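Chain by chain, the residues run as shown.
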Amino acid sequence: MFSKVKTFGLLGLNGFEVTVECSITKGAPDFKIGGLGDVSIQESRQRVQAALNNSGYETNSDKITVNLSPADVKKTGSSYDFPVLVSVLAALEIIPPLSRTDVFLGELSLSGELTSTKGILPMTAAAKEKGFKRIFLPKANVHEASLVRGIDIYGIEGISQLAAFLQGKARLEPAEPYEPKAEEYLTAADFSDVKGQENIKAAVQTAAAGFHNLLLIGPPGSGKSMIAKRIAGVLPKMTFEESIESTSVYSVAGLLDDRSPFIINRPFRPVSHTASGAGIIGGGKIPMPGEISLAHNGVMFLDELPEFRRDVLETLRQPLEDRRIVITRASGKISYPCKTMFVAAMNPCPCGNYGSGGTCTCTPAAITKYLGKISRPVLDRIDIQIEVNAVKYEQLREDRSGISSSEIRENIERAREVQRRRFKGTDLLFNSEIPPSKLSEFCPLDREGEEFLKKTFDTLGLSARAYDRIMKVARTAADLDGSEAITKKHISRAVQYRTLDRKYWK
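This is a predicted model, so every value here is computed, not measured.

Peer 1: Mind laying out helix α8 (residues 240-253), listing which residues take part and the relevant values?
Peer 2: Every α-helical turn comprises 3.6 residues, leaving residues that sit three or four positions apart pointing alike. Spanning 14 residues, α8 covers 20 Å between terminal C-alpha atoms, matching the ideal 20 Å at 1.5 Å per step. Positive backbone phi, at 75°, marks Gly-254, one or two positions downstream of α8.

Peer 1: Go over the nonpolar core, please, and point to the residues and values.
Peer 2: Of all hydrophobic cores here, the largest spans 48 residues; its most connected members are Phe-191, Leu-214, Leu-216, Ile-231, Met-341 and Val-343. Beyond its immediate stretch of four places on either side in the chain, Leu-216 contacts Ile-200, Lys-224, Ile-227, Ala-344, Ala-345, Met-346, Ile-386 and Val-388. Among the nonpolar cores identified, the runner-up in size contains 44 residues, and Leu-13, Leu-294, Cys-338 and Trp-505 belong to it.

Peer 1: Could you give an account of the layout of surface pockets, naming the residues involved and the relevant values?
Peer 2: By volume, the largest pocket amounts to about 920 Å³. Along the walls of the largest pocket sit 35 residues, with Tyr-185, Leu-186, Ile-264, Asn-265 and Arg-266 positioned nearest its centre. At the level of elements, α8, β11 (268-271) and α16 (405-422) are the ones that each hand at least two residues to the lining of the largest pocket. Of the residues belonging to the lining of the largest pocket, the class tally is 18 nonpolar, 8 polar and 9 charged.

Peer 1: Give me the lowdown on the packing of helix α6 (residues 198-210) against helix α19 (residues 464-481), citing residues and values where you can.
Peer 2: α19 packs onto α6 with a crossing angle of 100° between their chain directions and a minimal axis gap of 9 Å. Judged on the interaxial angle alone, α19 and α6 are roughly perpendicular. Each of Gln-205, Thr-206, Ala-209 and Gly-210 in α6 lies in contact with α19, whose residues at this interface are Val-473, Thr-476, Ala-477 and Leu-480. Residue classes in the contact of α6 with α19 are distributed as 4 nonpolar, 4 polar and no charged.

Peer 1: Mind laying out the packing of aromatic side chains, listing which residues take part and the relevant values?
Peer 2: By convention here, two paired aromatic rings are described through the distance between centres and the angle between planes. Applying the stated criterion across every chain, the model contains 12 aromatic pairs. Pairing Phe-136 with Tyr-154 gives two aromatic rings, centres 5.0 Å apart and planes at 20°, and the pair type is stacked. Of this pair, Phe-136 sits in strand β8 (residues 134-138) while Tyr-154 sits in strand β9 (residues 152-156), and the two are 18 residues apart along the sequence. Like Phe-136, the residue Tyr-154 is buried in the burial classification. Between Phe-457 and Tyr-467, the aromatic rings sit 6.2 Å apart at their centres with planes inclined by 90°, giving edge-to-face as the arrangement. Taken as a pair, Phe-457 in helix α18 (residues 447-460) and Tyr-467 in helix α19 lie far apart in primary sequence, 10 residues in all. By relative accessible area, which is 31% here, Phe-457 ends up partly exposed. The rings of Phe-82, Phe-104, Phe-136, Tyr-154 and Phe-165 are connected pair by pair, giving a single aromatic cluster. In this structure, Arg-422 is placed above the aromatic ring of Phe-423, and the distance from its NZ or CZ to the ring centre is 5.7 Å.

Peer 1: Which residues make up the environment of Gly-358, and what are the values?
Peer 2: Inspection of the secondary structure assignment puts Gly-358 in the loop between β17 (341-346) and α13 (364-371). Assessed through its relative accessible area of 40%, Gly-358 is described here as partly exposed. For Gly-358 and Ala-390, which are 32 residues apart along the polypeptide, the C-alpha to C-alpha distance reads 9.8 Å.

Peer 1: I'd like a description of the side chain of Ser-243, backed by residues and values.
Peer 2: Here Ser-243 shows up in helix α8. If sequence neighbours within four positions are ignored, Ser-243 has contacts with Met-238, Phe-262, Ile-263 and Ile-264.

Peer 1: Run through the pattern of salt bridges, naming residues and quoting values.
Peer 2: In this structure the tally under the stated criterion is 31 salt bridges. Linking Arg-149 and Glu-179 is a salt bridge whose minimum nitrogen-to-oxygen distance equals 3.4 Å. Of the two residues, Arg-149 is situated in the loop between α4 (142-145) and β9 and Glu-179 in the loop between α5 (159-166) and α6; the sequence distance between them amounts to 30 residues. Residue classification places Glu-179 among the exposed positions, given a relative accessible area of 52%. Put simply, Arg-381 and Glu-321 hold a salt bridge, and the shortest N to O gap is 3.3 Å. A residue pair is termed long-range when its members are at least 10 positions apart, and Arg-381 in the loop between α14 (376-380) and β18 (384-387) and Glu-321 in helix α12 (residues 317-322) qualify at 60 residues. Connected via shared salt-bridge partners are Glu-321, Arg-381, Asp-383, Arg-465 and Arg-469.

Peer 1: Before we move on, could you go through the sheet that holds β11 and cite the residues and values that matter?
Peer 2: A sheet is described by the order of its strands in space; here 5 strands give the open sequence β11-β14-β17-β10-β18, paired in parallel fashion. Looking along the sheet, the strands with just one partner apiece sit at the ends: β11 and β18. The mean angle between the axes of side-by-side strands here comes to 15°, regardless of whether they run parallel or antiparallel. Summarising the sheet, strand β14 (residues 299-302) and β17 pair through 4 bridges and their orientation is parallel. Looking at β17, one finds that Val-299 is bridged to Met-341.

Peer 1: Tell me about unusual backbone geometry, residues and numbers included.
Peer 2: Residue Pro-70 is reached from Ser-69 by a cis peptide bond, and omega for that bond is 10°. In this structure, Pro-70 sits in the loop between β4 (63-69) and α2 (81-91). At Leu-36, a position not held by glycine, the phi torsion is positive, near 65°. Position of Leu-36 among the secondary structure elements: in the loop between β3 (30-34) and α1 (39-54).

Peer 1: I'd love a proper account of the packing of α1 against α2, names of residues and values included.
Peer 2: Contact geometry of α1 with α2 gives a least axis separation of 10 Å together with a crossing angle of 50°. As summarised for this structure, α1 and α2 are arranged oblique, according to the angle between their axes. Judged by the sense of rotation from one axis to the other, the crossing of α1 with α2 is right-handed. On the side of α1, the interface is formed by Ser-44, Arg-47, Val-48, Ala-51 and Leu-52, while α2 contributes Asp-81, Val-84, Leu-85, Val-88 and Leu-89.

What counts and how
- Residues numbered from 1 in each chain as written.
- Predicted model: local features only at pLDDT ≥ 70, side-chain atom pairs only at ≥ 80, totals over all residues.
- Heavy atoms only, no water.
- Helix = DSSP H or I, 4+ residues; strand = E, 2+ residues; numbered from the N terminus.
- Expected span 1.5 Å × (residues − 1).
- Core = buried A, V, L, I, M, F, W, Y, C linked by side-chain atoms within 4.5 Å.
- Buried < 20%, exposed > 50% of the residue type's maximum accessible area, 1.4 Å probe, protein only.
- Contact = heavy atoms within 4.5 Å.
- 1 Å grid on protein atoms, 1.4 Å probe; cavity = no way out; pocket = protein on both sides within 12 Å on 5 of 7 lines; lining within 4 Å.
- Points joined across faces, edges and corners; volume = space filled by probe spheres on them.
- Nonpolar A, V, L, I, M, F, W, Y, C, P; charged D, E, K, R; others polar.
- Axes fitted to C-alpha atoms, helices over the stretch in contact; angles between N-to-C directions.
- Parallel < 35°, antiparallel > 145°, perpendicular 65-115°, else oblique.
- Phe/Tyr/Trp six-rings, centres within 6.5 Å; stacked < 30°, edge-to-face > 60°.
- Lys NZ or Arg CZ within 6 Å of the ring centre and 35° of its normal.
- Salt bridge = Lys/Arg side-chain N within 4 Å of Asp/Glu carboxyl O.
- Pairing = 2+ DSSP bridges.
- Left-handed = near helix turned anticlockwise from the far one by under 90°.

Read these as spatial facts, not as claims about activity.
Here it is in structure tokens:
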């Protein structure tokens, strides 16, 4: 007796087709699974056997051989439980021959029920792209899978329900497409709550408009964290495609809520200074996405930046540049997206008062050691570095509210629309992504701006990387002003955002 069942596996966020072949013969009872499966797949033999027995299907007297094809591709995870079990039922002729356009995904409990499974969304999307018509998976994952249009989603509670449906003894309707509820759209804290700091809000606006990385330096209590936590709320609303991308990352990481599985709010991921390199950029024996990928299309925030281990910060150099993580293992390479706005905050010294007008109690050696945890290459990848001064008493007592998040967002959306028109027909989305070879095309300078930049470059002895960053930030500043040409004012603003390294990292 023989059967074939279709399922899908995952390599990073990419689903790939797998054929589950099952052969059942008479002989000494045995159950083997081949096809380069990991430990969880080998353990699925016990789950499948128990689920069959507890659902009333006795298989203890049979010799069962299962192969996962292609056999030369490493397969991981528990989503193979369900297709292996279905292949056994089909080989035993308990269910009729299966359609070639059906796909089965999901983890089994010992009772025969299907349980919530990671990575359902990208595998469902891959199945639809391959032309499959129906997919059977755990009922808990139905909302997530139904985000993929054009393929019928069937939520299964247990084996008996599936068998009855395939035997024609029960009805089962495909799930309706999931639509987010109004309460799922979160209202972020508003920038109008931040007293004073209007220059910092302007810097945040520039950073968010061009998706530039941002560093806030200032004494304790100046509002750095308060400002950072409001940045995701001023970014434009996510497009459907962006939501699908972010939801896929969370699906693979197993972080989705079964009741509201669609990521519709810009992610904001605050990272503890105790985090490891693998925790931030991803990794593990079975490589999982890290914080920088979980913040894809949103903001990753590192507070108290010098408290992070230097080797951990160094792991950010490549992903901040390429906006994609590539994790290499013996079994191959896995990549995750990380188009993330990197925001960091720090004190200028261990006591927090160096350079701020307060009394600093730190020795020069202590300050040098503290700031030295952040290397020049990491610092160079942060386009905007801004000093946050302590708020004055008069500003705290003011009744007048400052610029609100909605006003900032409107300005950002106008600048983003300019960028969409500029980069139409290219792979670019934001000014921060402009490659050096395209700077002259996308960043035209007027005569005064050209002269000012040349003088500044020579006076400050800027590096080529600093030049590139200044041009990109100036481009965003011009977009916010509605100017096609970059003027002296825009260059001056961009240079101002690049001078703190000369004050603190002498």
